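Inside the fold
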Amino acid sequence: MAAAWDSLIIQPAKQWSRVAVGVNACVDVILSGVKLLQALGLDSGGGRDHSVLHSTTDLKEAFSHFMGKGAAAERFFSDAASFHHVAQTASEYPGAQLYVGGNAALIGQKIAMNPDLKVMLCGPIGPKLHELLDENVIVPPKSMQELDEFHLILEYQAGEEWGQLRAPNANRFIFSHDLSNGAMNMLEVFVSSLEEFQPDLVVLSGLHMIEGQNKEVRQQRLLEAVAAISDIPTDVPVHLELASMTDPDLMSEIIHQVFPLVDSIGLNEQELLFLTQAAAGPHAALTSWNGTPDVGVVSDILFWILKEHGRTPTKDSDLTRIHFHTLAYHVLATVDGYWANQVAAVAAGARVAGTQACATETIDASRVFLKAPREFATSRIGESSVVSLNPSEPVSEWHRDGISFHYTPVLVCRDPLRTVGLGDAISAEGLLYSEFSSQ
């Protein structure tokens, strides 16, 4: 399958030359969740979700809740003093690793690996982050700040045990007390830098971070974000990378106010399900995915997003592309007539998922396995066909009322070394191989 991908992954006829990325950036401190909680003197106990963490007890309970499910989550930690104590303990813990973090910075780093591309990154960039960034990344002076924003990423392994808990698979729990990213402080700096930089692609992320604000501040910030995004020249495509959210009102506002202004979005299975629940879309009664998300259900929701909130003959939305990724497979859904090279784009995203998680240059067949269904229905509510997996032709394609779907299974890393930033790498890679034709 890896060889088949390699033959399909061809450069688009028209490649990007200047990519501007913003606006969430931070330093990720990655370590074992169980070890950090033990270092903080916390013992295992009952799990319970908290939409905002106010104390280390909340942290322990929320971490336990998600570790027990093997699910990823991201939460805001409201108490500054307590957070700084936790962050200090974490960053000084033996074996803790410090990396570039924040969706925008991770996408910028990934794109900067291409020597032919110029990348500008705008976000709250402190001294540690600046030191960690690729030298190809251009940082506007107004983006620099004295202190770094730290995000703590607590990892757990498949089968890892803590007290009564046992993680069904490897994943991570992310939290921060990040005021700069939390208010999207750098958004205006980002948009004002575009005029000088003249990008041919804009990648935006960080909207999920404003969830920690109170409702008035949040709505005001979202309006300002909408105004800022509207200022981006219309011939420059904008990709929006979504991330973990818990507030259905904010999700709904983003769908109605931001989706029509962007050309492309990237999301995973948690965000997709939350999105359809928040906007009463198809399969909204589904409370959670049971194992690998059903391809037909995913396809129905993607179709609905593009039909309801995307570009149609009667709708003036710019949205024409959605790149969906889950552990087992990826789907690229596009409105016909706006994007090219989808086969290469979806294959490139899947290939990077296998290499980056295993930290190998190429797919190592002994370290990966197929988790995707052997066959699946392309819809659960519309006209459906059954697609069977063929490793020598790994990209499947189907069409539904002016929308094309490109699907590929992922070669999943058995023992992932790093799960953080995988979604960002997948979206970045998919964009690099995509070709946009503004009409």
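My aim in this report is to walk through the structure given alongside it, one point at a time.

Conventions we followed
Residues numbered from 1 in each chain as written. Predicted model: local features only at pLDDT ≥ 70, side-chain atom pairs only at ≥ 80, totals over all residues. Heavy atoms only, no water. Helix = DSSP H or I, 4+ residues; strand = E, 2+ residues; numbered from the N terminus. Rg over C-alpha atoms; globule rule 2.2 N^0.38 Å. Buried < 20%, exposed > 50% of the residue type's maximum accessible area, 1.4 Å probe, protein only. Areas by Shrake-Rupley, 256 points an atom, 1.4 Å probe, with all protein chains shown as cover. Lys, Arg positive; Asp, Glu negative; His and termini not counted. Charge placed at Lys NZ, Arg CZ, Asp CG, Glu CD. Disulfide = S-S within 2.5 Å. Polar contact = N/O pair within 3.5 Å; in protein donor to acceptor, adjacent residues only side chain to side chain. Contact = heavy atoms within 4.5 Å. Salt bridge = Lys/Arg side-chain N within 4 Å of Asp/Glu carboxyl O. Phe/Tyr/Trp six-rings, centres within 6.5 Å; stacked < 30°, edge-to-face > 60°. Lys NZ or Arg CZ within 6 Å of the ring centre and 35° of its normal. Pairing = 2+ DSSP bridges. Axes fitted to C-alpha atoms, helices over the stretch in contact; angles between N-to-C directions.

**Details of the overall build of the chain**
When helices and strands are counted, the chain shows 14 helices and 24 strands. Relative to its length of 439 residues, the chain is compact, with a C-alpha radius of gyration of 21 Å against a globular reference of 22 Å. Overall size of the chain, expressed as C-alpha extent along the three principal axes, is 55 × 50 × 40 Å. Sorting the 439 residues of the chain into buried and exposed places 58% on the buried side. Of the roughly 17,700 Å² that the chain leaves accessible, carbon and sulfur atoms contribute 48%. Where the 28 positive side-chain charges of the chain centre and where its 53 negative ones centre are 4 Å apart.

**Some thoughts on the state of the cysteines**
Within this structure, the stated rule accounts for one disulfide. The disulfide that involves Cys358 links it to Cys413, with 2.0 Å between the sulfurs. Because the torsion about its S-S bond is 110 degrees, the bridge between Cys358 and Cys413 counts as right-handed. Of this pair, Cys358 sits in helix H13 (residues 342–358) while Cys413 sits in strand S23 (residues 411–413), and the two are 55 residues apart along the sequence. A relative accessible area of 1% means that Cys358 is categorised as buried. No disulfide involves Cys26; its sulfur sits 15 Å from the nearest other cysteine sulfur, which is in Cys122. Assessed through its relative accessible area of 0%, Cys122 is described here as buried.

**A few points about the side chain of Arg221**
Position of Arg221 among the secondary structure elements: in helix H9 (residues 215–230). Judged by its relative accessible area of 10%, Arg221 is buried. Looking at Arg221, its side chain comes within polar contact range of the main-chain oxygen of Ala183, at 2.5 Å. Of note is the side chain of Arg221, whose polar atom sits 2.6 Å from the side chain of Glu224. Not counting residues up to four positions away in its chain, the partners in contact with Arg221 are Ala183, Met184, Asn185, Leu187, Glu188 and Ile210.

**Some details on the pattern of salt bridges**
Side-chain pairs of opposite charge can arise where the charged atoms are in close proximity. The tally for this structure, following the rule as stated, stands at 14 salt bridges. The partner of Arg75 in a salt bridge is Asp49, with the nearest N and O atoms 3.2 Å apart. Of this pair, Arg75 sits in strand S4 (residues 73–77) while Asp49 sits in the loop between helix H2 (33–39) and strand S3 (52–53), placing them 26 residues apart in sequence. Assessed through its relative accessible area of 7%, Arg75 is described here as buried. Since its relative accessible area comes to 34%, Asp49 is described here as partly exposed. Glu224 is the salt-bridge partner of Arg221, the closest N and O atoms lying 2.6 Å from each other. You can see Arg221 and its partner Glu224 sitting in helix H9, three residues apart, about one turn around the helix. When its relative accessible area of 30% is taken as the criterion, Glu224 is described as partly exposed.

**Regarding the packing of aromatic side chains**
A complete count under the given rule lists 15 aromatic pairs for this structure. A centroid spacing of 5.3 Å and a plane angle of 35 degrees characterise the contact between Tyr329 and Tyr407, whose relative ring orientation is tilted. In this pair, Tyr329 is assigned in strand S16 (residues 329–335) and Tyr407 in strand S22 (residues 403–409), connecting sequence segments 78 residues apart. Comparing Tyr329 with Tyr407, the two get one shared label, buried. Every member of this aromatic cluster is reached through a ring pair, and the members are Phe63, Phe66, Phe77, Phe83, Tyr156, Trp162, Phe173 and Phe175. The residue whose ring lies beneath Arg18 is Phe197, and the NZ or CZ to ring-centre distance is 4.4 Å. Cation over ring: Arg400 sits above Phe303, and NZ or CZ is 4.0 Å from the ring centre.

**Quick look at unusual backbone geometry**
Cis geometry is found at the peptide bond from Gly22 to Val23, where omega equals 10 degrees. Here the phi dihedral of Met184 falls at roughly 50 degrees; this positive angle occurs in a residue that is not glycine. Judged by its relative accessible area of 2%, Met184 is buried. With a phi close to 60 degrees, His283 is a non-glycine residue in the positive phi region.

**Points about the sheet that holds S3**
Taken in spatial order, the six strands make up an open sheet running S3-S4-S11-S8-S2-S5, and their pairing is mixed. Where the open sheet ends on each side, the last strands, each with one partner, are S3 and strand S5 (97–101). In the packing of helix H4 (residues 80–91) onto the sheet, the strands contacted are strand S2 (26–32), S4, S5, strand S8 (150–156) and strand S11 (171–176), and the crossing angle to S8 comes to about 60 degrees.

**A look at the pairing of strand S1 (residues 18–22)**
Buried residues dominate S1, accounting for four of its five residues. Note that S1 and strand S6 (residues 118–122) share five bridges and pair parallel. Of the residues in S6, the one forming a bridge with Gly22 is Cys122. In terms of strand pairing, S1 meets strand S12 (residues 201–205) through four bridges, oriented parallel. Considered in S12, the bridge of Val19 is made with Leu201.

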